[in-house]
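For reference, the chains in residue letters:
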Amino acid sequence: MSLYSDNLELNARELAARKERLESFPVKLGAVLTTRCNLRCIMCARHPSDLTLEDAAADKLKALFPYLEDVNWQGGEPFLAPCFKGLLSAAAEHPQLRQHI
């Protein structure tokens, strides 16, 4: 069995048992990589900011890839995050992992 399928099975058992604390890893993840944006939409309520995911945090995300089935790359504009290309490539090495932007 794989880390993914073992984790998915454990997750299903824990949820069926209505556990409040899970030992399993998440199977879906939404990651805000940066608040930077290259647009200035008049309807956007965001205030200009430049918060970006640090490399250490990006490495922690990569450690979750074997367990995930979905990751949603969010921002601002994810393509502006320096770590994005590496995360995208690393996630692509896991065939069960679907990526959304």
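Residues numbered from 1 in each chain as written. Predicted model: local features only at pLDDT ≥ 70, side-chain atom pairs only at ≥ 80, totals over all residues. Heavy atoms only, no water.

## Quick look at helix 1 (residues 3-16)
Residues spaced three or four apart along an α-helix face the same direction, because each turn holds 3.6 residues. To keep it simple, the criterion reads: Helix numbering and strand numbering both begin at the N terminus, where a helix is a DSSP run of H or I of at least 4 residues and a strand a DSSP run of E of at least 2. Expected span, for any helix, means 1.5 Å times one less than how many residues it has. Residue exposure (1.4 Å probe, protein chains only): buried if accessible area is under 20% of the type maximum, exposed if over 50%, otherwise partly exposed. In this description, one arc is meant: the one made by directions from the helix axis to the C-beta atoms.
Here helix 1 spans 20 Å end to end across 14 residues, near enough to the 20 Å set by a 1.5 Å rise per residue. Considered for burial, the residues of helix 1 that qualify are Y4, N7, N11 and E14. Around the axis of helix 1, the buried residues are gathered within 95° of arc, so they sit on the same side. The positive-phi residue at the C-terminal boundary of helix 1 is R18, with phi of around 55°.

## Examining the environment of L22
Looking at the element boundaries, L22 is found in the loop between helix 1 and strand 1 (28-34). According to the relative accessible area criterion, L22 is partly exposed, its value standing at 38%.

## Examining the packing of aromatic side chains
What counts is decided by this rule: Pairing of aromatic rings covers Phe, Tyr and the six-membered ring of Trp, with a centre-to-centre limit of 6.5 Å; geometry is then stacked below 30 degrees between planes, edge-to-face above 60, and tilted otherwise.
For the structure shown, the criterion picks out four aromatic pairs. Between F65 and W73, the aromatic rings sit 6.2 Å apart at their centres with planes inclined by 80°, giving edge-to-face as the arrangement. Neither F65 nor W73 differs from the other in exposure class; each is buried. With 5.0 Å between their ring centres and 75° between their planes, F79 and F84 make a pair best called edge-to-face.

## A short note on the nonpolar core
Put simply, the test is: We define the nonpolar core as a collection of buried residues of types Ala, Val, Leu, Ile, Met, Phe, Trp, Tyr and Cys that are connected through side-chain atoms lying within 4.5 Å of one another. In this description, contact between two residues means that some pair of their heavy atoms is separated by no more than 4.5 Å.
Residues L33, L61, F65, W73 and L87 are the most contacted members of the largest nonpolar core, which totals 17 residues. Top element by residues in this core is helix 3 (residues 84-92). It accounts for four residues. Not counting residues up to four positions away in its chain, the partners in contact with L61 are L29, A31, L33, L53, W73 and L87.

## What to know about a nonpolar patch on the surface
Filter applied, for reference: Within this analysis, patches are made of residues with over 30% relative accessible area and no salt bridge. Like charges are joined at 9 Å or less; nonpolar side chains (Val, Leu, Ile, Met, Phe, Trp, Tyr) at 5 Å or less. Surface accessibility follows the Shrake-Rupley procedure with a 1.4 Å probe radius. Residue values consider only the protein chains on display as shielding. Should a side-chain nitrogen of Lys or Arg be within 4 Å of a carboxyl oxygen of Asp or Glu, the pair is scored as a salt bridge.
Nonpolar side chains collect at one region of the surface, where F79, L88 and I101 lie side by side and expose about 300 Å² of accessible area between them. Note on placement: F79 falls in the loop between strand 2 (70-75) and helix 3. For F79, a relative accessible area of 52% translates into the label exposed.

## Some remarks on the sheet that holds strand 1
We apply this condition: Any two strands with at least two DSSP bridges between them are considered paired. All axes are obtained by fitting lines to C-alpha atoms, using only the stretch in contact for helices, and the reported angles, taken between N-to-C directions, cover 0 to 180 degrees.
A sheet is described by the order of its strands in space; here three strands give the open sequence 1-2-3, paired in parallel fashion. Each edge of the open sheet carries a strand with a single partner, namely strand 1 and strand 3 (98-100). Put simply, the sheet's adjacent strands are angled 20° from each other on average, direction ignored. Note: strand 2 against strand 3, three bridges, orientation parallel. Across the sheet, residue V71 finds its bridge partner in strand 3, namely Q99.

## Quick look at the pattern of salt bridges
On inspection of all chains with the given rule, the structure shows five salt bridges. Between D70 and R98 there is a salt bridge, with the nearest N and O atoms lying 2.8 Å from each other. On the criterion of sequence distance, the pair formed by D70 in strand 2 and R98 in strand 3 is long-range, its members being 28 residues apart. Beyond isolated ion pairs, a larger network of salt bridges with shared partners links K28, E69, D70 and R98.

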